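Examining the three-dimensional arrangement
In case you want the letters, here they are:
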Amino acid sequence: MSEHLEELRAKQGFICDMDGVIYHGNRLLPGVTEFVSWLQREEKRFLFLTNSSERSPRELQQKLGRMGLDVGEEHFYTSALATAKFVASQAPGCTAYVIGAPGLVGALYDVGILMNDVDPDYVICGETNAYNYETILKAVGFVQRGARLIATNSDLTGPSETGIIPACRALVSPIELATGRPAYYVGKPNPLMMRTGLRMLGVHSHEAAMIGDRMDTDIVAGIESGLDTVLVLSGCTAREEVQNYAYRPHHILNGVGEIPG
C-alpha cells in the first residue's frame, strides 16, 4: 500500500473533484487542509475539476476561503465553463433557455450566449434550486419544437451536508423522457472536459492522477484519459459498490488526507 502511495505522491499533477472529496455542502472534509497544504508545499500542479455548475471559479475560491483554504482562482474549472465553451463552439451567438444557477448563466453570458424563453436554440440544464413543473413544461415544449438539449453533467445524485440529493441528470431526465430526446452531457466523464483540464494542468496524462468519489464519472474519466485514478470513500461511493463496475480505480482511500502521508 505504501509503495503504491509513493507512486501516487510522485505524480506532478492532480485533477481533483470537489463535492464529496473536498467538502460536503459547507463542511470541509477531514484531511483536506493537510492535502491542499501538501500540494502547495510540494509545488504540485493541481486543478479542481467539478461537475457542479452552480458556482463560478471565483465563488468556489471564496467558498474554500471561508473554510480556511487559500487557493487561486486559476485552480478551478467547472462543467458550466465546459458547457459554455462547447455550445459557443457549436453555435456562436446562439440563444438558450437555461435551467440552472448563476454560475451556469454567467458562464454562458461570458461567451456571448443570450437567454431566450420564447424560441431558444438550446435548452441547457444544470443544478438549481429553482426547479419546478413550469420549467419542465417550458423545456419540453422548446425541445419538441427543435431546441437541442444540453446538460452540464450526468451526475444522478450528489453528496450534501444532509445526505445524498438529486443532481443534474435527475433534473434533466423528465425532459428526456417526455420528449424522447437524450441530452448531450458535457461534464465528466466527457473527454472534452478532461482534455481541457489536462491542458490547464500543463502535464502529460501519465504524470497526473484523477481523484474523485464517483466511479461513473471521476474514475471512468480518469481511466479513459490515461490518468492514474484515486477513489475516495468520503462521498457517494461505498467500498462494496466498486465491484459493480467493470473497471477499477488504481487506489481506494478513505479520503484525500491519506495522500500526504
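In every chain, residue numbers begin from 1 and rise along the written sequence. It should be noted that, the model being predicted, local features are given only for residues of pLDDT at least 70 and side-chain atom pairs only at 80 or more, the latter also being counted only at that level, while totals for whole chains, interfaces and linings use all residues. Hydrogens are left out, water is left out, and the side-chain values use all remaining heavy atoms of the structure.

What follows covers the packing of aromatic side chains. Aromatic pairing here means that ring centres of Phe, Tyr or Trp (its six-membered ring) are within 6.5 Å. Orientation follows from the plane angle: under 30 degrees is stacked, over 60 is edge-to-face, and everything else is tilted. Tallying each qualifying case throughout the model produces seven aromatic pairs. Residues F35 and W38 carry aromatic rings whose centres are separated by 6.3 Å and whose planes lie at 25 degrees to one another, so their mutual orientation is stacked. Taken as a pair, F35 and W38 lie in helix α2 (residues 32–41) at a separation of three residues, close to a single helical turn. On the accessibility criterion, F35 (0% relative accessible area) is buried. A centroid spacing of 5.6 Å and a plane angle of 50 degrees characterise the contact between Y245 and Y247, whose relative ring orientation is tilted. A relative accessible area of 21% places Y247 in the partly exposed class. Taken together, the ring pairs connect F14, F35 and W38 into an aromatic cluster. Only when the NZ atom of a Lys or the CZ atom of an Arg is both within 6 Å of the ring centre and within 35 degrees of the ring normal do we say a charge sits over the ring. Over the ring of Y23 we find K63; its NZ or CZ atom is 3.9 Å from the centre of that ring. Secondary structure elements follow DSSP: runs of H or I of four or more residues count as helices, runs of E of two or more count as strands, with numbering from the N terminus. Only protein chains enter the calculation, and the probe is 1.4 Å; a residue is then buried if its accessible area is under 20% of its type maximum, exposed if over 50%, and partly exposed in between.

Note that an α-helix has 3.6 residues per turn; residues three or four places apart therefore point the same way. If you check helix α6 (residues 133–144), its first and last C-alpha atoms are 16 Å apart, about what 12 residues at 1.5 Å a residue would give, namely 16 Å. By the burial criterion, the buried members of α6 are T135, I136, A139, V140, G141, F142 and V143. Contacts: residue pairs with any heavy atoms within 4.5 Å of one another. Buried residues along α6 sit in contact with β6 (95–99), β8 (122–125), β9 (148–151) and α7 (168–179). Identification of polar contacts relies on pairs of N or O atoms within 3.5 Å, with a donor-acceptor requirement for protein atoms, meaning one able to donate a hydrogen and the other able to accept it, and with residues adjacent in sequence counted only if both atoms are side-chain atoms. The N-capping residue of α6, defined by a side-chain oxygen 3.0 Å from the backbone nitrogen of E134, is N132. Within two residues after α6, G146 carries a phi angle of roughly 115 degrees, on the positive side. The span one expects for a helix is its residue count, reduced by one, times 1.5 Å.

This paragraph deals with the pairing of strand β10 (residues 157–160). Here, any two strands with at least 2 DSSP bridges between them count as paired. Here β10 pairs with strand β11 (residues 163–166) via four bridges, running antiparallel. By the bridge assignment, S160 is partnered in β11 with G163. Between β10 and β11, which pair antiparallel one after the other, the connecting turn spans two residues.

Another aspect to go through is the sheet that holds strand β15 (residues 251–253). In space, the six strands of this open sheet follow the order β5-β4-β1-β13-β14-β15, with parallel pairing throughout. Whereas interior strands pair on both sides, the edge strands pair on one side only; in this sheet they are β5 (76–78) and β15. The average angle at which neighbouring strand axes cross in this sheet is 20 degrees, direction not considered. Direction of pairing for strand β13 (residues 208–212) relative to strand β14 (residues 228–232): parallel, over a ladder of four bridges. Looking at β14, one finds that A209 is bridged to D228. Axis definition: a line fit to C-alpha positions, over the contact stretch in the case of helices; interaxial angles, taken between N-to-C directions, run 0 to 180 degrees. In this fold helix α8 (residues 191–201) packs onto β1 (13–16), β4 (45–50), β5 and β13, with an angle of close to 155 degrees to the strand it touches most, β4.

Turning to the environment of A80, a few remarks are in order. For A80, the position within the fold is in helix α4 (residues 79–90). Apart from residues no more than four positions distant in its own chain, A80 is found in contact with S53, G103, L104 and A107.

Turning our eyes to something else, we now look at the pattern of salt bridges. What counts as a salt bridge is simple: a side-chain nitrogen of Lys or Arg found within 4 Å of a carboxyl oxygen of Asp or Glu. On inspection of all chains with the given rule, the structure shows seven salt bridges. The shortest N-O distance in the salt bridge between R9 and E6 comes to 2.6 Å. Of this pair, R9 and E6 are both found in helix α1 (residues 2–9), three residues apart, which corresponds to roughly one turn of the helix. On the basis of relative accessible area, E6 is assigned to the partly exposed category, the value being 46%. A salt bridge links R214 to D155; its shortest N-O distance comes to 3.8 Å.

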